[in-house]
Amino acid sequence: MSSLYEAGAMLAAECARYTALGWMRGTSGNLSVVLGRDPLRLAVTASGLDKGEMTASDVVEIDATGAPVRPDQPIPSAEAGLHGRIAAVSGAGAVVHVHALAPVLAAERWPNAVHLRNLEMLKGFGGKADDWVSIPVVPNSQDMTVLGDAFEAGYRPDTPALIVARHGVYVWGSDLYQARHRTECLEWMLRFILET
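What counts as what
Residues numbered from 1 in each chain as written. Predicted model: local features only at pLDDT ≥ 70, side-chain atom pairs only at ≥ 80, totals over all residues. Heavy atoms only, no water. UniProt positions renumbered as here; feature names shortened; annotations may be inferred. Pairing = 2+ DSSP bridges. Helix = DSSP H or I, 4+ residues; strand = E, 2+ residues; numbered from the N terminus. Axes fitted to C-alpha atoms, helices over the stretch in contact; angles between N-to-C directions. Contact = heavy atoms within 4.5 Å.

Per an unreviewed UniProt entry, the protein is named Methylthioribulose-1-phosphate dehydratase, and its organism is Kibdelosporangium aridum. The UniProt entry for the protein carries the following text under Function (unreviewed entry): "Catalyzes the dehydration of methylthioribulose-1-phosphate (MTRu-1-P) into 2,3-diketo-5-methylthiopentyl-1-phosphate (DK-MTP-1-P)." Heading Catalytic activity (unreviewed entry) of the UniProt record for the protein holds this comment: "5-(methylsulfanyl)-D-ribulose 1-phosphate = 5-methylsulfanyl-2,3-dioxopentyl phosphate + H2O".

Draft legend 1. Fine view of the sheet that holds strand β2 (residues 40-45). In space, the eight strands of this open sheet follow the order β3-β2-β1-β4-β8-β7-β6-β5, with mixed pairing throughout. Strand pairing shows two members of the sheet lacking a second neighbour, β3 (59-62) and β5 (113-117), which therefore form its edges. Taking the axes of each pair of neighbouring strands and ignoring which way they run, one obtains an average angle of 20° across the sheet. Bridge count between strand β1 (residues 30-37) and β2: five bridges; the pairing is antiparallel. Residue pairing in the sheet places R37 in a bridge with L40 of β2. Contacts from helix α1 (residues 4-20) reach β1, β2, β3 and β4 (94-98) within the one sheet, and its direction differs from that of β1 by about 155°. Against the sheet, helix α4 (residues 144-154) contacts β6 (132-138), β7 (161-164) and β8 (168-173), and its axis sits at roughly 160° relative to β6.

Here it is in structure tokens:
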């Protein structure tokens, strides 16, 4: 990524897309993209904004803990620390956190993990249609260290998603586009298993 502003323009465009899908209602949800690895730096959406109205300037550069790198920036999302943890552990280039309803409903039905198998859309996760994929579900917390520890305890390199019960879903990929595609595929698969 060449600049915070360019990252902000990409994040704003993605936020508009998710808002149109109804997955970032109110000021909910947040997205991030890795700016650099040594040290780890991410651009993350600012806190408290309507994501459908974001601009390229509505982002914050954070470190691996979720703290702003410069004091003159807006306040980062309260969940910025979890974005940093996911990027550090998984090596992801982007993290998507949306409040789509299907993941939350699936976590209510299957409170430990949501199992997916024999679905063509599993190819969107980089595997085969007959793969067995288990999406971890963790309890919600306002403490990003607690959520980060729960994520790391259940992390598997072949499963780029985490459902936070009664909250939403985190999905990651090598860039914003892969993370988007994985998020869209996962939401479809979760709707399928809920409705069949």
